[in-house]
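# Close look at the chain arrangement
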Amino acid sequence: MKHILLAVTGSIAAYKAIDLTSKLTQAGYDVRVMLTDHAQEFVTPLAFQAIGRNPVYTSTFKEENPQEIQHVALGDWADAIIVAPATANIIAKLSVGIADDMVTSTLLATETPKFIAPAMNVHMYENPRTQRNIEVLKSDGYHFIEPGDGFLACGYVAKGRMEEPLQIVSVLNDYFKQQHIQHSSFTGKHALVTAGPTVEVIDPVRFVSNRSSGKMGFAIAQALRDRGAHVTLVTGPTQLEDPTGVEVIHIESAEEMFQAVTQRYDEQDIVVKAAAVSDYTPTQVLDHKMKKQEGDLSVTFKRTKDILKYLGEHKTHQYLVGFAAETQNIEQYAQDKLKRKNADVIISNNVGDQSIGFKSDDNELTMHFKNGETHNIKKGKKVQLAQQILDELETRWQ
C-alpha cells in the first residue's frame, strides 16, 4: 500500500481536499493530512481524520512521538506528497526554501516525490512572479498538476480551479505505474494468471461450479501488467470486465483451463494459479435436459486433472504460485499443498469468513514460501493485496 501525505493550504478549494482524501483512500492509498493555519479557516482537522482514519498534523511544535521529529518522519513515511490546493503563497515559499510551518518544513526536509495542484485567481496564477516560482520548483523536480478552467471564487470564469480529485488520483496512479515498470523485476517477463471458477456441465441446463468471483486473480493480473509484465489471464465465467493490456482467454471447464494453461506454460516466467478449479466433473454429460423422476438422484463424478500439480512436476525455470482457499486447518493444508504440488509459494485464505471470502472485495492472506518463511497480509481490498503480494514476490522470485 502506497503512503500519501496530503498538504492542504489556505484556499477555498480546501473543501475539495476532503473529497481528494476520500478518493485516495478508496483507490487503496494510506493517506495522512497536514493543514496550514490558513487552511483551518476553511476546513477542520476532524473532517480529514474521519475520512482518512489517520491523525491530522497542524503544528511543527506538536511532537506527539518523542522518538522522532515529526516533520522529518512524515516525509520519510510518504511515497508521495501532494499539496492540494496549493496557493500562490505556498508556491512562493517553497521556491525560496522558507520553512515556517508544518507543511513547508516537511517539504524542505524530504526527498520524497512532490506534486503541486495550484488553486488561485487567474491573475495570481498568470503573474510573472508566480510563473517564475513554478518554473523554479519544476527545475527542482516538483510535479505540477495544472489547474483547470471554470468558475472561480472571485467570480471570474478562467484558469485557476484546482484540478478535480479523481484526476489527481489518476495522475498519482500513472506515476506509480511508471515507477513500478521502471524498477520492477517483472518488466518484460511473461506471466500467466488463472482466475474465477470452472463450470462442469451435467446436462444443457445444469452444472456444478463454485462461488469464486475472480476478483483476486483479476487484481493480480492487472498488478503484473502495471509492473511491465506480458500477462495472460485464463479465466472461468465471471461478472468482471476484461482488463485492458492483458491477453484474456475465457474457458469454462477444468479441462479447458488445463489445456489453456499447459499449452502456454513453457514460455512463462511466473504463473499465479488463483482460480478455483473444480476437483470433480461428471463422468457423463447428457445431450438433453435430465427429466425429473421419482426418488433421489445420483450423479457420478470423476477427478479433474490437477493443474497445479502438473505445473509443479513439469516446471523448469518457472516460478509457481498457488492459492489455498480453505475453511479449517488453513496453515496445515497450505504447507501440505506447497510440498505436494512443488510450488514456490502457496497463498492461503479463509473462504469460510464471508467478509473476506468468495465474492467479497476484501481478503486477508498468508504467503507460505518454499524456504519455510511466511508473510501475513492484513485484511484489505483485493486490489491492494495484489500489490502487496507482488511486493513480496519482487524480492524473492528470482
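Remember, it's a predicted structure, so these values are computed and weren't measured experimentally.

### Describing the packing of helix α9 (residues 215–226) against helix α13 (residues 382–394)
The N-to-C vectors of α9 and α13 enclose an angle of 55°; their axes lie 8 Å apart at closest approach. Relative to α13, the element α9 lies oblique. Once α9 is placed against α13, the crossing between them reads as right-handed. Residues Lys215, Met216, Ala219, Ile220, Ala223, Leu224 and Asp226 of α9 form the contact with α13, whose participating residues are Lys382, Val383, Leu385, Ala386, Gln387, Ile389 and Leu390. Considered class by class, the residues forming the contact of α9 with α13 number 10 nonpolar, 1 polar and 3 charged.

### Examining the nonpolar core
Formed by 33 residues in total, the largest nonpolar core has its most connected members in Ile220, Leu224, Phe323, Ile389 and Leu393. A per-element tally of this core places α9 first, with 7 residues. Not counting residues within four places of it along the chain, the set of residues in contact with Ile389 comprises Met216, Ile220, Phe323, Ile347, Leu365, Met367 and Ile377. Core analysis: the second largest hydrophobic core is formed by 29 residues, Leu6, Val8, Ala117 and Ile145 among them.

### Comments concerning the sheet that holds strand β17 (residues 319–326)
Note on sheets: strands pair through backbone hydrogen bonds, and any given pair is parallel or antiparallel. Strand order in the open sheet formed by 8 strands is β13-β12-β9-β14-β17-β18-β19-β20, with mixed pairing between adjacent strands. Two strands in the sheet have a free side with no partner beyond their single neighbour: β13 (247–250) and β20 (374–381). For this sheet, the mean angle separating the axes of adjacent strands, direction not counted, is 15°. For strand β14 (residues 270–273) and β17, the ladder comprises 4 bridges, and the chain directions are parallel. Bridge pairing in β17 links Ile270 to Tyr319. Contacts between helix α12 (residues 330–340) and the sheet are confined to β17, β18 (345–350), β19 (362–369) and β20, with β18 contributing the most and set at about 155° to the helix. On the sheet, α13 packs against β14, β17, β18, β19 and β20 and is oriented at approximately 160° with respect to β20.

### What to know about the domain arrangement of the chain
Domain parsing of the chain yields domain 1 (3–182) and domain 2 (185–394). The straight-line distance from the C-alpha centre of domain 1 to that of domain 2 is 41 Å. Taken together, the contacts link 5 residues of domain 1 with 6 residues of domain 2. Across the domain 1/domain 2 interface, buried area totals approximately 520 Å², and carbon plus sulfur atoms make up 52% of it. Considering only the surface of domain 1 that becomes buried against domain 2, Lys177, His180 and Ile181 emerge as the three largest contributors, covering 79% of it. For the interface between domain 1 and domain 2, the tally reads 0 residue pairs in polar contact (both at pLDDT 80 or more). At 3 residues, the largest contribution of residues to the side of domain 1 that touches domain 2 is made by helix α8 (residues 165–183).

### Remarks on the pattern of salt bridges
A full pass over the atoms with the stated rule returns 17 salt bridges. Between Asp362 and Lys381 there is a salt bridge whose closest N-O contact spans 3.4 Å. Taken together, the residues span a long stretch of sequence, with Asp362 in strand β19 and Lys381 in strand β20 at a distance of 19 residues. We classify Asp362 as buried; its relative accessible area is 18%. Overall, the relative accessible area of 39% leaves Lys381 in the partly exposed class.

### Structural notes on a nonpolar patch on the surface
A contiguous nonpolar surface patch, about 370 Å² in accessible area, is contributed by Tyr280, Leu297, Val299 and Phe301. Position of Phe301 among the secondary structure elements: in strand β16 (residues 301–303). Taking relative accessible area as the criterion, Phe301 reaches 34% and is therefore assigned partly exposed.

### Description of the sheet that holds strand β2 (residues 30–35)
One open sheet accounts for 6 strands, arranged β3-β2-β1-β4-β5-β6; its pairing is parallel. Only two strands of the sheet have a single neighbouring strand rather than two, namely β3 (56–57) and β6 (143–144). Alignment of strand β5 (residues 114–118) against β6, held across 2 bridges, turns out to be parallel. For Phe115, the partnering residue across the bridge sits in β6 and is His143. On the sheet, helix α2 (residues 45–52) packs against β1 (3–8), β2 and β3 and is oriented at approximately 175° with respect to β2. Contacts between helix α3 (residues 70–77) and the sheet are confined to β1, β2 and β3, with β2 contributing the most and set at about 145° to the helix.

Rules of the game
- Residues numbered from 1 in each chain as written.
- Predicted model: local features only at pLDDT ≥ 70, side-chain atom pairs only at ≥ 80, totals over all residues.
- Heavy atoms only, no water.
- Axes fitted to C-alpha atoms, helices over the stretch in contact; angles between N-to-C directions.
- Helix = DSSP H or I, 4+ residues; strand = E, 2+ residues; numbered from the N terminus.
- Parallel < 35°, antiparallel > 145°, perpendicular 65-115°, else oblique.
- Left-handed = near helix turned anticlockwise from the far one by under 90°.
- Contact = heavy atoms within 4.5 Å.
- Nonpolar A, V, L, I, M, F, W, Y, C, P; charged D, E, K, R; others polar.
- Core = buried A, V, L, I, M, F, W, Y, C linked by side-chain atoms within 4.5 Å.
- Buried < 20%, exposed > 50% of the residue type's maximum accessible area, 1.4 Å probe, protein only.
- Pairing = 2+ DSSP bridges.
- Domains from an automatic or database assignment.
- Buried area = accessible area lost by both parts, 1.4 Å probe.
- Polar contact = N/O pair within 3.5 Å; in protein donor to acceptor, adjacent residues only side chain to side chain.
- Salt bridge = Lys/Arg side-chain N within 4 Å of Asp/Glu carboxyl O.
- Patch = residues over 30% accessible without salt bridge, like charges linked within 9 Å, V, L, I, M, F, W, Y side chains within 5 Å.
- Areas by Shrake-Rupley, 256 points an atom, 1.4 Å probe, with all protein chains shown as cover.

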